[in-house]
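The chain contents come next:
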Amino acid sequence: MQENDHNKTSINAVSSNNKTVKKLMLVVVAMFGFGFALVPLYDVFCDITGLNGKTNTTAVAYEAGSVDKSRTIKVQFITRNAKGIPWKFEPLINEITVHPGEMKLVSFYAKNNAQHDIIGQAVPSVAPGLAASYFHKIECFCFTQQPLKAGEDVEMSLQFYVDLALPEDLTTLTLSYTLYDITEKSS
Amino acid sequence: MTTDVITQDSHDEHHDSDHDHKMTGIKRWLYTTNHKDIGTLYLWFAFIMFLTGGALAMVIRAELFQPGLQIVEPDFFNQLTTVHGLVMVFGAIMPAFTGFANWMLPMMLGAPDMALPRMNNWSFWILPFAFAILLGSFFMESGAPNFGWTFYAPLSTTYSNGSTAFFVFAVHIMGISSIMGAINIVVTIMNMRAPGMTYMKMPLFVWTFFITAYLLIAVMPVLAGVVTMLLTDTYFGTSFFDAAGGGDPVMFQHIFWFFGHPEVYIMILPAFGIVSTTIPAFSRKRLFGYSSMVYATSSIALLSFIVWAHHMFTTGMPLFGELFFMYCTMLIAVPTGVKVFNWVATMWRGSLSFETPMLFSIAFVILFTIGGFSGLMLAMTPVDFQYHDTYFVVAHFHYVLVTGSLFSLYAGAYFWLPKWTGHMYNDTLSKWHFWCSLISVNLLFFPMHFLGLAGMPRRIPDYALQFADFNKWVSIGGFAFGLSQLIFLAVVIKCIRGGEKAPAKPWDGAIGLEWTVASPAPYHTFSTPPPQSDIDNADQHEH
């Protein structure tokens, strides 16, 4: 008799255990998914808040508006090669001054010093990060891939303007390009 | 024997509680579904891993004994620091706490076993494979992981030495093991409590493991996700963290620390549970502010989800981000302070006696608080720019993990050894263990604060000459601390083999259902639930 009671209680316990386990497994699966959901969420979050120094990835049109001559912004250009890309890659001009609203055109030089063809991709970033959403690129070599044959060189242009709404405390922006070898990924 | 085994297996659920025979030899341990056996396995595994990770640390300290490169190559040094961290976090501290959970939770709740005994067996037995993979990578061509236990991309992807796959699979297995262990703990606590044991009558020990298990269930899957992304980035051409393909390396740090910060509370909340058991016992008082302890533990757990970016102040966050994470981090000092003051108030005007578990507990309160204060310093964004990636950080997290988590584990081990083995431990040897550990651990970690403030970077095998004297003392402290832990091994082996017979309740101030059963605890306990009077006596509330 006692044995029977024991069985009954353990059957009840098993079914309620199973229920709890199922709920907890759902949480596990959901959190695994959440980990991956953080990837697009991160992009959306950075997009909305303008964090992270990411500039626009496709060209924007220049809206010919007023130019704020009262403010002068210093824009610096730096370049960097990622691991394993033997290119010479540098800005032709290191620094430029610009008034908010004014359009500027600058050039970058790249030369493939390798013995083989390489497809390069420059990835831009603006510091301070919050300024990125005020930095508009009308044309940029970073919008496309740069295939260079062995020994080939190229001058690449960047056309941009700084938004009139750029916060008052910002006087210097640094635009940094990191150059990656994406030959394998794009083939 | 054979028939018994068949009977046992033919039941859906493990309830051979009326029989008291177990298989012999290795099969007993391989097939066991008994929570005490599995607890023992976890504890021994954790101790072996602790000695393994400790051996790696000894090589690190030997290399750092003098400036210049003496013993190991820089790349191997990186492998040592990485695997030391991984082994200590996932192999020593976490399994040790799971071992405590397995041994003590059913006995504290008046339950016959854990709720899911077979999963329990599985969650333990996959662990040795995880660490065989991780440690085995030392002997492979690639070498062991060398990118730090935090495995930041692109160090672990673009710049990997080829060990990333082994590392990822090892972490996957550890994660599965932890998740199963955590699910088991939650289900046990929710469904297996003896009738009459309400949630607010559970010992605080149980509460801390309950909350920790929820943290594990929430963040271990995120860890599994982020290492999977590493795997596909490294070997299958995805670009989660690769800027060349539109990914973002800083996002790795966000996802990692979203796991990583709750993880540090996973390693300290159970420690709070242990000292909240030992301190009242040796103060001969009830725990001061039981309910506030429950709420404080819960708030620490909740806050742990919104502070992760304090590990990333130097990544170039905007000001409001830095302020948000700084203030949230500092907020954690409030519930933590509640706990520390409650322990002190428990001791206040108590009839204190200083048995070894109490010595470790008091050392825990003081030294963990030092670790908490250095954490508070690191929480301040402006000064973190100075302290980031220096030995100050190393000092901080070793104070909370070694003199915090590890000391609480020792307090708990000495406290329950009589219950586990049926013998009292050798008191003299245990005091030697405590005092040697206490002195050497401070010699080991305290000067690291000054080294860090003076600018010595972490994870580097060489250092500037002005750091030489402090590093020499730190290394001597390290060797002494390492050797002192062998005393503990001796104490445990002696205690298992023999010693003074332990009564059912060797500590006069202890309360809790585990002391109502014989010492050593019979193979099966609480096949029938304990009477209400025992449950009421075990209530930690002040009366």
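In the block above lies the structure referred to throughout.
Calculation rules
Residues numbered from 1 in each chain as written. Chains lettered and ligands numbered in written order. Predicted model: local features only at pLDDT ≥ 70, side-chain atom pairs only at ≥ 80, totals over all residues. Helix = DSSP H or I, 4+ residues; strand = E, 2+ residues; numbered from the N terminus. Buried ≥ 20, exposed ≤ 12 C-beta atoms within 10 Å, placed from the backbone. Contact = placed C-beta atoms within 7 Å. Nonpolar A, V, L, I, M, F, W, Y, C, P; charged D, E, K, R; others polar. Pairing = 2+ DSSP bridges. Axes fitted to C-alpha atoms, helices over the stretch in contact; angles between N-to-C directions. Parallel < 35°, antiparallel > 145°, perpendicular 65-115°, else oblique. Left-handed = near helix turned anticlockwise from the far one by under 90°.

**Observations regarding unusual backbone geometry**
Then, in step 1: In this chain, Ala127 of chain A is followed by Pro128 of chain A through a cis amide linkage whose omega measures -5°.
Then, in step 2: Along the chain, the position of Pro128 of chain A falls in the loop between strand E5 (118-127) and strand E6 (135-140).
Then, in step 3: Residues other than glycine seldom take positive phi values, yet Arg284 of chain B does so here, at roughly 55°.
Then, in step 4: One can find Arg284 of chain B in the loop between helix H10 (269-283) and helix H11 (290-303).
Then, in step 5: Given 14 C-beta atoms within a 10 Å radius, Arg284 of chain B is considered partly exposed.

**Here's the deal with the interface of chain A and chain B**
Then, in step 1: Taken together, the contact between chain A and chain B spans 31 residues of the former and 30 residues of the latter.
Then, in step 2: Elements with a contribution of two residues or more to the side of chain A that touches chain B: helix H1 (2-49), E5 and strand E9 (172-181) of chain A.
Then, in step 3: Ranked by the residues each element gives to the side of chain A that touches chain B, the list is headed by H1 of chain A, at 19 residues.
Then, in step 4: Looking at the side of chain A that touches chain B residue by residue, the classes come out as 20 nonpolar, 9 polar and 2 charged.

**Let's talk about the sheet that holds E6 of chain A**
Residue and element names in this part refer to chain A.
Then, in step 1: The antiparallel open sheet is built from 4 strands, whose spatial order is E2-E4-E8-E6. If you trace the sheet from one side to the other, it starts and ends with strand E2 (87-91) and E6, each paired once. Going from strand to strand, the sheet's axes swing by 25° on average, the running direction of each strand aside.

**Focus on the packing of helix H4 (residues 74-109) of chain B against helix H16 (residues 391-421) of chain B**
Residue and element names in this part refer to chain B.
Then, in step 1: At a closest axis distance of 11 Å, the pairing of H4 and H16 adopts a crossing angle of 30°. One element, H4, and the other, H16, form an angle in the roughly parallel class. Crossing handedness for the pair H4 and H16: left-handed. Residues Ile93, Ala96, Phe100, Trp103 and Met104 of H4 form the contact with H16, whose participating residues are Leu401, Ser405, Leu409, Gly412, Trp416 and Trp420.
Then, in step 2: Residues that form the contact of H4 with H16 fall into these classes: 9 nonpolar, 2 polar and no charged.

**Digging into the sheet that holds E5 of chain A**
All names here are of chain A.
Then, in step 1: One open sheet accounts for 5 strands, arranged E3-E1-E9-E5-E7; its pairing is mixed. If you trace the sheet from one side to the other, it starts and ends with strand E3 (95-98) and strand E7 (146-148), each paired once. Averaged over neighbouring strand pairs, the angle between their axes works out to 30° when direction is ignored.
Then, in step 2: Pairing analysis gives 4 bridges linking strand E1 (residues 73-81) to E3, with the strands arranged antiparallel.

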